[in-house]
Amino acid sequence: MSTLYSKLRKPIIEGDKSLSQVTDDVAKTLETKPTKLWWFAFLLALTALVAGVVAVTYQIKMGIGTWGLNKTVGWAFDITNFVFWVGIGHAGTLISAILFLFRQRWRTSINRSAEAMTVFAVICAGLFPIIHMGRPWLFFWIAPYPNFRGPLWVNFRSPLLWDFFAISTYFTISLVFWYIGLIPDLATLRDRAKTKIKKAVYRVTSFGWNGSVRTWNRYETVYVLLAALATPLVLSVHSIVSMDFATSVIPGWHTTIFPPYFVAGAIFSGFAMVLTLMIIARKVLNYQEYITLDHIEKMCKVILATGGIVGLAYATEMFMAWYSVNEYERFVFINRALGPFAWAYWIMVSCNVIIPQLLWFKKLRRSIVFVFMMSIVINIGMWFERFVIIVTSIHRDFLPSSWAMYKPSIIEIATLLGSFGLFFSAFLLFARFVPFIAIGEVKGVLGYGRTNKSAPQIGHTPEPKLEAVEE
Amino acid sequence: MDAQLFLGVFTNENDVLNATRASKKAGYPIYDVYSPYAVHGLESAMGLKPSRLTYVCLLFGLAGLLLGVFVQFWIGSIDWPLNVGGKPFNSLPAYLPVIFEVTVLISGLGVVFSMLFRTKLFPGKKAWLPDIRVTNDHFVIALIQRDASFNTRAVQQLWQKYNLLEAKSLSEVVL
């Protein structure tokens, strides 16, 4: 049997799957009834979502005075959550677009779910600025359209407006990219559907796909183009989010390293969330042969690299505060590390810089339990990073008489909880109703690491040899 | 035009790749090849040219770029000049982020809709499948069988070398 495998590469998918086995394995999740565990998780997520809906309804009715904000701390929990969720989304695009351009073929078994995660995370993120507007029903005023108010236009010099364009473009392109990737898989499901309803649903959603190579040719072209468009897009989105802070004159925000620092942090936190979700999903949905230990180890390496950049950014900020000899800048950083919010700062540093160094050990990178706990730690750390950046920079401003502390109200905590509820209920529904693994893409990598570069055959058919190309 | 299709079903990527190359070399007109996933090399084996959608994407991108530039300059300098911190009304650097986002949005959506239009894919379309297994684990080569000069036996013999699973004629196809 050893001749089946290449000496240079290891197969990406374990278990010598044939093409139809891949279809069966992925479709099985959609064709069986949900387990008790799924129901438990879904009800839990739904409860959190309901708590969030109640809190949001209340704060919209009463106004955002229900939050813990004060005259000095004008941004806190809400914007922290916004930046946190946008960051989570970035890993999905990194996996689907950037790893695709780099020909990292192991991405195939995680890209579908990571992209779904992106779409849901961006939905969660988008809600926070809308809530923060106070009058969310006038949200559409941020779009530049001819109107009867002058016409009064938006201010194109404002980073907050850039943000609106960046987030909505990011959401649209991510959604389209995700759906385009889904079409061949929906066709696969259509052709094995048994019930009338399923047949009708898949017929509508699969757009009449029939696997024609002429179509595949164009499809692949568009896929590359979308990946090439999404790559600078994803970098621009968190850069623009960081400009919400960097273009202001607040010490601690007004720095030029913010865009790369935020992008690295976003990928760092996003991969942590991907790991959290994948480690649960591979176990619950029985995808251990698709999302293998190698996948987890590779993602840990990405975390280690981006975590290193984040650590470097923390150090650079500190250094620049000292080196700039700007007393306000210096004060903000000393206040961060030693002031009343020092606990948050040190949670951030330990969760994002110190603890992840353990990932240098291969044994730990390949330990599921350890990696799972690490991913939770990083998620917490990265949430605190945004909290530290936002709150500690403004709670002690230029006038000591207006210095204030910030404490979130129960409404704000319930809103954060609600966003997690929304995210997880959407993700759990996705896992039930949409192929969790990109069937068409995984089939393409089955031959990887095998001597004849083709998928394992079923039963009696002889294994064919690769023939030399005659031009 | 009414024509018959002659189909060969294969179960392996290498087989269908080699069989397609051999059919092309032998001069049989290839109508299409069907595969459950994107097999790299099949498009060149069939003799397909690279898709022109990249140019379509470029055009949409340029349109988006111009839209982003003109809308912002028109609004900011002509329709409602707004003094923001004494900066010039036509400050390009401040407009770049939105120009970039609009370019990406329009080129991305434009190329996707062009692809759907060109490949005639739309919601609810009834799929024409040469074989129901083609979206699962089988590959089909469809040759155009115009008249009696098309020697089905010769084709089958050619395909046999590549582990042909089955061959069949489809008559009621309108090309």
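**Considering the overall build of chain A**
Here is step 1: A count of helical and extended segments in chain A gives 15 helices and zero strands.
Here is step 2: At 24 Å, chain A has a C-alpha radius of gyration in line with the 23 Å of a compact globule built from 471 residues.
Here is step 3: Counting the 471 residues in chain A, one finds 47% classified as buried.

**Comments concerning the overall build of chain B**
Here is step 1: From N to C terminus, chain B includes five helices and four strands.
Here is step 2: For 175 residues, the compact-globule estimate of 2.2 N^0.38 gives 16 Å, and the C-alpha radius of gyration of chain B, at 25 Å, exceeds that figure by more than 25%.
Here is step 3: Dimensions of chain B, computed from C-alpha atoms along their principal axes, come out at roughly 80 × 30 × 30 Å.
Here is step 4: Counting over 175 residues, chain B shows a buried share of 44%.
Here is step 5: For chain B, contacts bridging at least 24 residues in sequence account for 77% of all contacts bridging at least 6.

**Focus: the packing of helix 4 (residues 111–132) of chain A against helix 5 (residues 159–190) of chain A**
Residue and element names in this part refer to chain A.
Here is step 1: The interhelical angle for the contact between helix 4 and helix 5, taken along N-to-C directions, is 155°, at an axis separation of 10 Å. In terms of axis orientation, helix 4 runs roughly antiparallel to helix 5. Helix 4 and helix 5 meet at a crossing whose hand is left-handed. Residues Arg112, Glu115, Ala116, Thr118, Val119, Val122, Ala125 and Gly126 of helix 4 form the contact with helix 5, whose own contacting residues are Ile167, Tyr170, Phe171, Ser174, Leu175, Phe177, Trp178 and Gly181.
Here is step 2: A class-by-class count of the residues in the contact of helix 4 with helix 5 yields ten nonpolar, four polar and two charged.

**A few points about helix 1 (residues 13–25) of chain B**
All names here are of chain B.
Here is step 1: Its 13 residues place the ends of helix 1 18 Å apart at the C-alpha level, agreeing with the 18 Å of an ideal helix rising 1.5 Å per residue.
Here is step 2: By the criterion of burial, helix 1 is predominantly enclosed, with ten of the 13 residues buried.
Here is step 3: Among the residues of helix 1, Glu13, Asn14, Asp15, Val16, Leu17, Asn18, Ala19, Thr20, Arg21 and Ser23 are the ones counted as buried.
Here is step 4: Just beyond helix 1, the residue with positive phi is glycine 27, at close to 90°.

**What to know about the interface of chain A and chain B**
Here is step 1: Of the residues lining the interface, 61 residues belong to chain A; the matching set on chain B comes to 62 residues.
Here is step 2: Mapped onto the side of chain A that touches chain B, the elements with two or more residues apiece are helix 1 (19–31), helix 5, helix 6 (196–205), helix 7 (213–246) and helix 15 (439–444) of chain A.
Here is step 3: For the side of chain A that touches chain B, the leading source of residues is helix 7 of chain A, giving 16 residues.

**Points about the confidence of the model for chain B**
Residues and elements named next belong to chain B.
Here is step 1: On average, chain B scores 88 in pLDDT, and the residues at 70 or more come to 96%.
Here is step 2: Summarising per-element confidence for chain B, the mean pLDDT is lowest in strand 4 (residues 166–174) (74) and highest in helix 4 (residues 92–118) (94).
Here is step 3: Two summary scores accompany this predicted model of the complex, namely pTM at 0.92 and ipTM at 0.92.

**Points about the environment of Asp15(B)**
Residues and elements named next belong to chain B.
Here is step 1: You can see aspartate 15 is positioned in helix 1.
Here is step 2: Given 26 C-beta atoms within a 10 Å radius, aspartate 15 is considered buried.
Here is step 3: C-alpha separation for the pair aspartate 15 and asparagine 163, spaced 148 residues apart in sequence, amounts to 6.7 Å.

**A look at the domain arrangement of chain B**
Here is step 1: For chain B, the domain assignment lists domain 1 (2–49 + 127–174) and domain 2 (53–118).
Here is step 2: For domain 1 of chain B and domain 2 of chain B, the distance between their C-alpha centres works out to 45 Å.

**Some remarks on the pairing of strand 3 (residues 139–145) of chain B**
Residues and elements named next belong to chain B.
Here is step 1: Within strand 3, six of the seven residues are buried, which leaves it mostly tucked inside the rest of the structure.
Here is step 2: Summarising the sheet, strand 2 (residues 30–34) and strand 3 pair through four bridges and their orientation is antiparallel. Bridge pairing links valine 33 to isoleucine 141 in strand 3.

**Observations concerning the packing of helix 3 (residues 77–101) of chain A against helix 14 (residues 410–433) of chain A**
The description of two packed helices rests on the angle between their axes and on the distance between the axes.
All names here are of chain A.
Here is step 1: Running from N to C, helix 3 and helix 14 point in directions that differ by 15°, and their axes come no closer than 10 Å. One way to sum up the angle between helix 3 and helix 14 is to call them roughly parallel. Helix 3 and helix 14 meet at a crossing whose hand is right-handed. For the pair helix 3 and helix 14, contact is made by Phe77, Asp78, Asn81 and Trp85 and by Glu412, Leu416 and Ser419, respectively.
Here is step 2: The residue inventory of the contact of helix 3 with helix 14, partitioned by class, reads three nonpolar, two polar and two charged.

About the criteria used
Residues numbered from 1 in each chain as written. Chains lettered and ligands numbered in written order. Predicted model: local features only at pLDDT ≥ 70, side-chain atom pairs only at ≥ 80, totals over all residues. Helix = DSSP H or I, 4+ residues; strand = E, 2+ residues; numbered from the N terminus. Rg over C-alpha atoms; globule rule 2.2 N^0.38 Å. Buried ≥ 20, exposed ≤ 12 C-beta atoms within 10 Å, placed from the backbone. Contact = placed C-beta atoms within 7 Å. Axes fitted to C-alpha atoms, helices over the stretch in contact; angles between N-to-C directions. Parallel < 35°, antiparallel > 145°, perpendicular 65-115°, else oblique. Left-handed = near helix turned anticlockwise from the far one by under 90°. Nonpolar A, V, L, I, M, F, W, Y, C, P; charged D, E, K, R; others polar. Expected span 1.5 Å × (residues − 1). pLDDT = per-residue confidence, 0-100. Domains from an automatic or database assignment. Pairing = 2+ DSSP bridges.

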